[in-house]
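# Architecture and fold: a report
Here's the letter readout for the chains.
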Amino acid sequence: MSEVKSLTDAEIMLKIAGYDSKALEQLYDRYTPLLYTLIKKIIPEKETAEEVLSEVFVIIWRQIDHFDFSSSNVYTWMVTLARNKAIDAKNRTIGKVTEEYTDDYENEKILPKLSPEIESVELEEVLGMKEKIEGAMKSLTDAQKYVIELSYFEGLDESGIAEKLKIPSSTVKSKLQVAIGNLMKKISKTN
Amino acid sequence: MEKKKAIDLIKLEVLDCLNIADAETLHLSKEVDSDFPWKELGEYQNLAAFLSVALPLEFPVSELKDKVALKLYNMRDEIKAKLDAKRKPEEPPVLIEDEKEIIDEEFIVEETYVPVIEEEISPLSVSGRIEQKRTEEISAKSDLRSKVTFDKELVEKTVKEYFKSHFEPELKSIRNSMKRNFVISLVLFAISLILIVILFVMGLT
């Protein structure tokens, strides 16, 4: 176990591709707090959140061949996968999604489709940026924070947000674009 | 599509907030535009993933790790079937021509596995980044190959490893206490036997 502890996230994924269970255990130890936090934010019910988290690791084990080893962005792949799975579980609970959960569905809707030109980031690197990210979030207006919260963490679509805030869809779009654009500027500036 | 418009749609896509029409427009742009801003897409995908870091951390119960391990153990047949299904279309017809090889079942199985493993390894070997970092990983291709080839053994090994690392100390202490109990029972049995003999002798006298 100590041998895999020193490996980078990308190296761990490489070992998981060879069905190395210790590597998967190491990935679990590294990413569980962050992924569980994200899933719990989307699904506050503890048991369901835990179930979703365990499903995420099952998907990683089964679908490791879908991970893009050329860009090797483990962090964004893991977080996006966990977020997609949690939003899907939430939407199924409330009956918003009724489509059968098949392998094709999982490939299409749950597995992340990252840009082939994405820059690789690893968990440790992102945790080192925690203060910067928090600072950038704080710099947003309450309305901007709220629309990001509704879309990213509550999984509401454009019309859902428009209905909730009683504003036109076009306003929702522009608010989201400005919010994420400002966030990008702040983070790029601090970097 | 104009780059600015594409980036505006990317901003919505990474927040999973695209309506159907915009999603189709963006999808089409990805397919046909040679100057699609892939780099910006990657930057915004990373940015969206950063949002989770700002949340106060929560931890699941420690037993969840064992539950995950059990789930993975239960899906060993599924993984085996998946690997078998991948292998089937790869079987080279050449092998069937030689009857001697057909008789040697183990050899045929070994041969038919090779192309599949190459396919599985190929995405790893094209990665220049990882190649630089872990050349030994790539050079150990044959090791990885044997791991996947003997997937049944691998699954068993995986499970054994898990049990070894998680339950070995407990099993050791159980084994020790069994040994101790066996010795104590033997001693007690011997004492009881001696007492019976003494009582018998006393009864006779």
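Predicted model only: the values in this text are computed from it and were never measured. (Residues numbered from 1 in each chain as written. Chains lettered and ligands numbered in written order. Predicted model: local features only at pLDDT ≥ 70, side-chain atom pairs only at ≥ 80, totals over all residues.)

Let's shift gears to the overall build of chain A. Scanning chain A from N- to C-terminus turns up 11 helices and 0 strands. Scanning chain A from its N terminus toward the C terminus, one meets helices and strands in the order α-α-α-α-α-α-α-α-α-α-α. The buried share of chain A, reckoned over its 191 residues, is 42%. Residue pairs in contact within chain A that sit at least 24 positions apart in sequence constitute 69% of those at least 6 positions apart. (Helix = DSSP H or I, 4+ residues; strand = E, 2+ residues; numbered from the N terminus. Buried ≥ 20, exposed ≤ 12 C-beta atoms within 10 Å, placed from the backbone. Contact = placed C-beta atoms within 7 Å.)

For the rest of this paragraph, the subject is the overall build of chain B. Secondary structure summary: chain B contains 12 helices and 0 strands in total. When the helices and strands of chain B are listed from N to C terminus, the series reads α-α-α-α-α-α-α-α-α-α-α-α.

What follows is about the environment of Leu 72 of chain B. Along the chain, Leu 72 of chain B turns up in helix 4 (residues 63-74). Given 24 C-beta atoms within 10 Å, Leu 72 of chain B falls into the buried group. Every residue in contact with Leu 72 of chain B, bar those within four places of it in the chain, is listed here: Val 58 and Trp 61 of chain A.

So, on to the interface of chain B and chain A. Taken residue by residue, the interface counts 52 residues in chain B and 60 residues in chain A. The element that contributes the greatest number of residues to the side of chain B that touches chain A is helix 3 (residues 38-50) of chain B, accounting for 11 residues. Grouping the amino acids of the side of chain B that touches chain A by side-chain chemistry returns 30 nonpolar, 7 polar and 15 charged. (Nonpolar A, V, L, I, M, F, W, Y, C, P; charged D, E, K, R; others polar.)

For the rest of this paragraph, the subject is the packing of helix 4 (residues 46-62) of chain A against helix 5 (residues 74-93) of chain A. Residue and element names in this part refer to chain A. In the contact formed by helix 4 and helix 5, the axes pass within 10 Å of each other and the chain directions differ by 130 degrees. In terms of their interaxial angle, helix 4 and helix 5 are classed as oblique. Both helix 4 and helix 5 take part in a crossing whose hand is right-handed. Counting all contacts with helix 4, which are made through Thr 48, Val 52, Glu 55, Val 56 and Ile 59, the residues of helix 5 involved are Leu 81, Ala 82, Lys 85, Ala 86 and Ala 89. In terms of residue class, the contact of helix 4 with helix 5 is made up of 7 nonpolar, 1 polar and 2 charged. (Axes fitted to C-alpha atoms, helices over the stretch in contact; angles between N-to-C directions. Parallel < 35°, antiparallel > 145°, perpendicular 65-115°, else oblique. Left-handed = near helix turned anticlockwise from the far one by under 90°.)

Okay, the packing of helix 4 of chain A against helix 4 of chain B next. As a packed pair, helix 4 of chain A and helix 4 of chain B sit with axes 10 Å apart at the nearest point and diverge in direction by 40 degrees. When the interaxial angle is binned, helix 4 of chain A and helix 4 of chain B end up oblique. The handedness of the crossing between helix 4 of chain A and helix 4 of chain B comes out as right-handed. Mapping the contact onto sequence places Glu 50, Leu 53, Ser 54, Phe 57, Val 58 and Trp 61 of chain A in helix 4 of chain A and Leu 64, Lys 67, Val 68, Lys 71 and Leu 72 of chain B in helix 4 of chain B. Looking at the contact of helix 4 of chain A with helix 4 of chain B residue by residue, the class counts come to 7 nonpolar, 1 polar and 3 charged.

Bringing the nonpolar core into the picture now. Formed by 70 residues in total, the largest nonpolar core has its most connected members in Leu 35, Ile 39, Met 78 and Ala 82 of chain A together with Leu 15 of chain B. Among the elements that make up this core, the one with the highest residue count is helix 3 (residues 21-42) of chain A (10 residues). When neighbours within four sequence positions are excluded, Leu 35 of chain A is seen to be in contact with Leu 53, Val 56, Met 78 and Ala 82 of chain A. (Core = buried A, V, L, I, M, F, W, Y, C linked by C-beta atoms within 7 Å.)

We now examine the confidence of the model for chain B. Residue and element names in this part refer to chain B. Residues with a pLDDT of 70 or more make up 61% of chain B, whose mean pLDDT is 72. Ignoring residues within four places in sequence, the model shows residues 94-150, a span with pLDDT below 50, making 52 contacts including any to other chains. Two summary scores accompany this predicted model of the complex, namely pTM at 0.69 and ipTM at 0.94. (pLDDT = per-residue confidence, 0-100.)

Of note, Tyr 19 of chain A is a non-glycine position whose phi angle comes to about 55 degrees, a positive value. Here Tyr 19 of chain A shows up in the loop between helix 2 (9-17) and helix 3.

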